[in-house]
Amino acid sequence: MAGCQKICGAQLHELLESKHNVLFDCDGVIWNGETAMAGAPEVVRALKQRGKRVFFVTNNCTRPRQSYVQKFARLGFADVDENEIFSSAYCSAAYLRDVVSFTGKVFAIGCPGVHTELRDAGITVIEDEEDAPDVNISNCALDPDVRAVLVGYDEKFSFMKLAKACCYLQDSECLFLATDPDPWHPLRGGRITPGSGSLTAALETASRRKATVIGKPSRFMFECIASQFDLDPESSLMVGDRLETDIVFGVNCGLSTVLTLTGVSTFEQAQVYKDSDEPEKKDFVPDYVVESIADFLEALEE
Ligand code: PLP
Ligand code: CA
């Protein structure tokens with residue numbers, strides 16, 4: 001069966017020649033935390049110089065788009081425009097504004113990136129205020145105008161936030177959204193941090209409801225890009241480092257997929273999916289595998 005093909009040089013050159021749009025995951029592909037991946041700024045520049053359109057598709061909801069623009073500049077990526085950046089926080093706000101024409105207030109478990117994007121989209125978000133010591137889930141105030149709960153990465157996640165969100169979700173009309181399903185993220189020194197998916201799972205269990213996921217692997221992020229740019233799946237390539245989000249996203253959207261080995265997933269894990277007898281595991285198999293985004297540079301110069 002095709003897929004999982006290690007690719008470089010002339011073959012990679014041919015693949016890039018055949019695509020007009022390149023969608024890059026950020027963490028693990030474009031950068032690792034605050035360090036640009038070797039060759040990444042040059043790759044982005046070279047693709048643009050060749051007339052390709054480049055988009056950045058990240059499940060990281062912690063920053064608003066403007067802060068991503070600053071990060072790109074700080075890490076040496078010249079001229080990355082706000083309009084090229086699609087984060088799960090931005091797309092969550094776009095979903096509420098453009099897809100469901102949301103009115104009402106959002107109870108957001110999340111960080112400043114989520115709050116800022118919601119506000120920038122004209123959506124009212126409830127401020128997270130610390131409760132007085134004598135306040136508990138039986139006597140805390142709930143806002144009757146809350147019509148949606150949005151869960152994202154939140155380092156200040158608490159029992160009270162979980163409990164309040166659960167109360168809001170008892171109303172079946174209240175929307176339940178998650179920025180992304182990422183279960184955990186690697187940190188330096190071998191540690192990991194729980195991702196939005198872990199927090200969402202807690203709320204799904206408590207509320208007995210399922211969240212609508214906005215970020216990868218949901219198709220919505222691609223639809224969000226396609227609604228602003230004329231984007232044809234056939235001429236688009238998705239480059240990511242996590243099989244369960246980036247590669248499944250590419251497959252869900254009909255894109256060709258490339259796994260880079262500079263992040264979460266390994267070639268061996270991709271092979272296990274490829275060799276699986278379960279047909280649904282095929283969605284986790286990348287079309288191509290490269291060691292790193294730096295391989296693109298060499299291929300472009302072929
Ligand atoms: N969410 C958080 C909080 C993260 O820290 C990260 C990666 O570091 C991500 C999501 C995944 O981001 P990406 O989709 O760019 O890999
Ligand atoms: Ca990633």
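Residues numbered from 1 in each chain as written. Chains lettered and ligands numbered in written order. Predicted model: local features only at pLDDT ≥ 70, side-chain atom pairs only at ≥ 80, totals over all residues. Heavy atoms only, no water.

## Considerations on the overall build of the chain
1) Next: Broken down by element type, the chain carries 11 helices and 16 strands.
2) Next: Since a compact globule built from 302 residues should have a radius of gyration of about 19 Å, the 20 Å found for the chain is in line with a globular shape.
3) Next: The principal-axis extent of the C-alpha atoms belonging to the chain is close to 65 × 45 × 40 Å.
4) Next: Relative to its full complement of 302 residues, the chain shows a buried share of 53%.
5) Next: Intrachain contacts of the chain at a sequence separation of at least 6 include 73% that bridge at least 24 residues.
6) Next: For the chain, the exposed area adds up to about 13800 Å²; of that, 49% sits on carbon and sulfur atoms.
7) Next: On the chain, the mean spot of the 29 positive side-chain charges and the mean spot of the 47 negative ones are 2 Å from each other. (Helix = DSSP H or I, 4+ residues; strand = E, 2+ residues; numbered from the N terminus. Rg over C-alpha atoms; globule rule 2.2 N^0.38 Å. Buried < 20%, exposed > 50% of the residue type's maximum accessible area, 1.4 Å probe, protein only. Contact = heavy atoms within 4.5 Å. Areas by Shrake-Rupley, 256 points an atom, 1.4 Å probe, with all protein chains shown as cover. Lys, Arg positive; Asp, Glu negative; His and termini not counted. Charge placed at Lys NZ, Arg CZ, Asp CG, Glu CD.)

## Comments concerning unusual backbone geometry
1) Next: Residue Pro217 is reached from Lys216 by a cis peptide bond, and omega for that bond is 15 degrees.
2) Next: With respect to the helices, strands and loops of the structure, Pro217 is situated in the loop between strand 13 (212-213) and helix 8 (220-228).
3) Next: Look at Ser101: it is not a glycine, yet its phi comes out positive at around 40 degrees.
4) Next: Along the polypeptide, Ser101 turns up in the loop between helix 4 (88-99) and strand 7 (105-109).
5) Next: For Ser101, a relative accessible area of 52% translates into the label exposed.
6) Next: The residue Arg208 is not glycine, and still its phi comes out positive at about 60 degrees.
7) Next: Locating Arg208 in the fold gives a position in the loop between helix 7 (196-207) and strand 13.

## Observations concerning the UniProt feature "binding site: substrate" (unreviewed entry) in the chain
1) Next: Under the UniProt annotation, the feature "binding site: substrate" (unreviewed entry) is placed at His185 and Lys216.
2) Next: By the secondary structure assignment, His185 is in strand 11 (residues 184-186).
3) Next: Its relative accessible area of 24% is what places His185 among the partly exposed residues.
4) Next: Residue position: Lys216 is located in the loop between strand 13 and helix 8.
5) Next: What makes Lys216 buried here is its relative accessible area of 1%. (UniProt positions renumbered as here; feature names shortened; annotations may be inferred.)

## Re the nonpolar core
1) Next: One finds Leu23, Cys91, Leu96, Val106, Leu118 and Phe249 to be the most contacted residues of the largest nonpolar core, which totals 36 residues.
2) Next: Counting only elements with at least two residues in this core, the list comes to strand 5 (53-58), helix 4, strand 7, helix 5 (112-120), strand 9 (146-151), helix 8 and helix 9 (243-253).
3) Next: Counting residues per element, this core draws most heavily on helix 4, at 7 residues.
4) Next: Setting aside its immediate chain neighbours within four residues, Cys91 contacts Phe86, Ile214, Phe220, Met221 and Cys224.
5) Next: Grouped together as the second largest cluster of nonpolar side chains are 34 residues, Trp31, Ala40, Val43 and Ile293 included. (Core = buried A, V, L, I, M, F, W, Y, C linked by side-chain atoms within 4.5 Å.)

## As for helix 6 (residues 159-168)
1) Next: Most of helix 6 is tucked away, with 8 of its 10 residues classed as buried.
2) Next: When helix 6 is considered as a whole, its buried residues turn out to be Met160, Lys161, Leu162, Ala163, Lys164, Ala165, Cys166 and Tyr168.
3) Next: Where helix 6 is buried, its residues contact strand 7, strand 9 and helix 7.

## Brief notes about the environment of Val272
1) Next: Counting through the fold element by element, Val272 comes out in helix 10 (residues 267-275).
2) Next: What makes Val272 exposed here is its relative accessible area of 57%.
3) Next: For the pair Val272 and Val285, spaced 13 residues apart in the sequence, the C-alpha separation amounts to 8.9 Å.

## A few points about the UniProt feature "binding site: Mg(2+)" (unreviewed entry) in the chain
1) Next: Mapped onto the present numbering, the UniProt feature "binding site: Mg(2+)" (unreviewed entry) falls at Asp25, Asp27 and Asp241. Taken along the chain, the residues just named run across 217 residues; in space they keep tight, none of their C-alpha pairs more than 8.1 Å apart.
2) Next: On the secondary structure map, Asp25 appears in the loop between strand 2 (21-24) and strand 3 (31-32).
3) Next: Overall, the relative accessible area of 6% leaves Asp25 in the buried class.
4) Next: Residue placement: Asp241 occurs in the loop between strand 14 (236-240) and helix 9.
5) Next: Leave out the neighbours within four places in its chain, and Asp241 touches Asp25, Asp27, Gly28, Val29, Asp246, Leu259, Thr260, Gly263, Val264 and Ser265.

## Overview of the site of ligand 1
1) Next: Surveying the vicinity of ligand 1 reveals the residues Asp25, Cys26, Asp27, Thr58, Asn59, Asn60, Thr62, Tyr153, Asp182, His185 and Lys216.
2) Next: Within the side chain of Asn60, a nitrogen or oxygen atom sits 3.4 Å from an oxygen atom of ligand 1.
3) Next: A distance of 3.0 Å separates an oxygen atom of ligand 1 from a polar side-chain atom of Lys216.
4) Next: Here ligand 1 has 400 Å² of accessible area as a free molecule, and 88% of this is covered by the chains.
5) Next: When grouped by side-chain class, the residues that make up the shell around ligand 1 number 2 nonpolar, 5 polar and 4 charged. (Near = heavy atom within 4 Å. Polar contact = N/O pair within 3.5 Å; in protein donor to acceptor, adjacent residues only side chain to side chain. Nonpolar A, V, L, I, M, F, W, Y, C, P; charged D, E, K, R; others polar.)

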